[in-house]
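Geometric and topological summary
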Amino acid sequence: MTQSRDDRRLDPLREYKLKISRIKTFIIDLLEALGEDPLKWSPYFKEIIELTLLLEGIRQKINSTIYEAALTALFYDLRSRGLFVLNINRLINVAKQKLDKRISRGRIIILLNYLKRIEKNKTQRNEVEKLLISLLYRLSSDASLIKRLIAHNINMEQYFQKLREISFLLIDKIFLNPGKSSLWGRSPHIIVALDLYIADKIISSQHGYRSILSAKILEKHLGISQFTILRQYKKLMGKLIEEQKLKEYLQ
């Protein structure tokens, strides 16, 4: 059966390919209008297109054009590589005047700030994950923690495997929704401390025994006061319970 024109227009794969084609064509046209050779910048096209697609959600939210997103991605990608040859004001002016595209400086700023926020999120997440892995290694040889595990007849290997799994799951919850999490933007040490403290609470609740990982043990390894950890934990859990989001952390 032959597809109608409307059916073809609604095909997700076809729409995706057309969108990529529009982005690439605009980038080439913009570079040529700037007097630049597109071939010179073609090695960066893949990353620029990916950044443009990454802006899709926020772009639709602020009613921005795909050309504004592509222009933003072009500028951001080159700047992140230390290439400062394309001025943002010139990009905007050329896109508006020579290519006759609907470009708003205000929306460009919003899109740029969004990309910066994502980059900050990635950097912070990397720091948190590195610290978490390092701390899990140290905790696996902590005498007081091992003593507690033995006293409760808990398999050490299974405990640390579960602690690691839940800790990384919680990190996903924090960083997949930056700004919505109560922990996002806090110092890596605070995030890791509360992350592990909550993970241990979840494990102990699942298996019916008292918590193993104390705030005092975390204080010893992270240099954060146990009272700060407990205070922040109560504040965080109180907010989660109040907003009925506790299940999101446990699922």
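Preceding block: the structure.
Attention in this report is confined to the structure presented alongside it. (Residues numbered from 1 in each chain as written. Predicted model: local features only at pLDDT ≥ 70, side-chain atom pairs only at ≥ 80, totals over all residues. Heavy atoms only, no water.)

1. Comments concerning the overall build of the protein chain
Helix and strand counts for the protein chain stand at 14 helices and zero strands. Ordered by position from N to C terminus, the α and β elements of the protein chain give α-α-α-α-α-α-α-α-α-α-α-α-α-α. Across the 251 residues of the protein chain, 43% fall into the buried class. Taking the contacts inside the protein chain whose residues are at least 6 apart along the sequence as the reference set, 71% of them involve residues at least 24 apart. Surface summary for the protein chain: the accessible area is close to 14,800 Å², and the carbon and sulfur share equals 51%. (Helix = DSSP H or I, 4+ residues; strand = E, 2+ residues; numbered from the N terminus. Buried < 20%, exposed > 50% of the residue type's maximum accessible area, 1.4 Å probe, protein only. Contact = heavy atoms within 4.5 Å. Areas by Shrake-Rupley, 256 points an atom, 1.4 Å probe, with all protein chains shown as cover.)

2. So, the packing of aromatic side chains
One pass over the full model with this rule turns up four aromatic pairs. Judged by centre distance (5.2 Å) and plane angle (55°), the rings of F26 and Y67 are tilted. Here the residue F26 occupies a position in helix α2 (residues 12-33), and Y67 occupies one in helix α6 (residues 66-80), the gap between them amounting to 41 residues. Pairing Y159 with F160 gives two aromatic rings, centres 5.3 Å apart and planes at 80°, and the pair type is edge-to-face. For the pair Y159 and F160, one class covers both residues: buried. If you follow K101 out to its NZ or CZ, it ends over the ring of Y67, 4.1 Å from the centre. (Phe/Tyr/Trp six-rings, centres within 6.5 Å; stacked < 30°, edge-to-face > 60°. Lys NZ or Arg CZ within 6 Å of the ring centre and 35° of its normal.)

3. Details of the side chain of H221
Secondary-structure assignment places H221 in helix α12 (residues 215-222). At 2.7 Å, the side chain of H221 forms a polar contact with the side chain of D142. In contact with H221, other than residues within four places in its own chain, are L135, R138, L139 and D142. (Polar contact = N/O pair within 3.5 Å; in protein donor to acceptor, adjacent residues only side chain to side chain.)

4. Details of α2
For α2, which comprises 22 residues, the first-to-last C-alpha distance of 31 Å matches the rise-based estimate of 32 Å (1.5 Å per residue) to within 8%. Inspection of α2 places K19, I23, F26, I27, L30, L31 and A33 among the buried residues, and these make up the whole buried set. The buried residues of α2 occupy an angular sector of 165° when projected down its axis, which confines them to one face. Turned more than 90 degrees from where α2 packs its buried face, L13 and K17 sit exposed. Where α2 ends, the next residue or the one after it, G35, has phi of about 85°, a positive value. (Expected span 1.5 Å × (residues − 1). Arc of directions from axis to C-beta.)

Without other data, these values stay purely geometric and don't point to any function.
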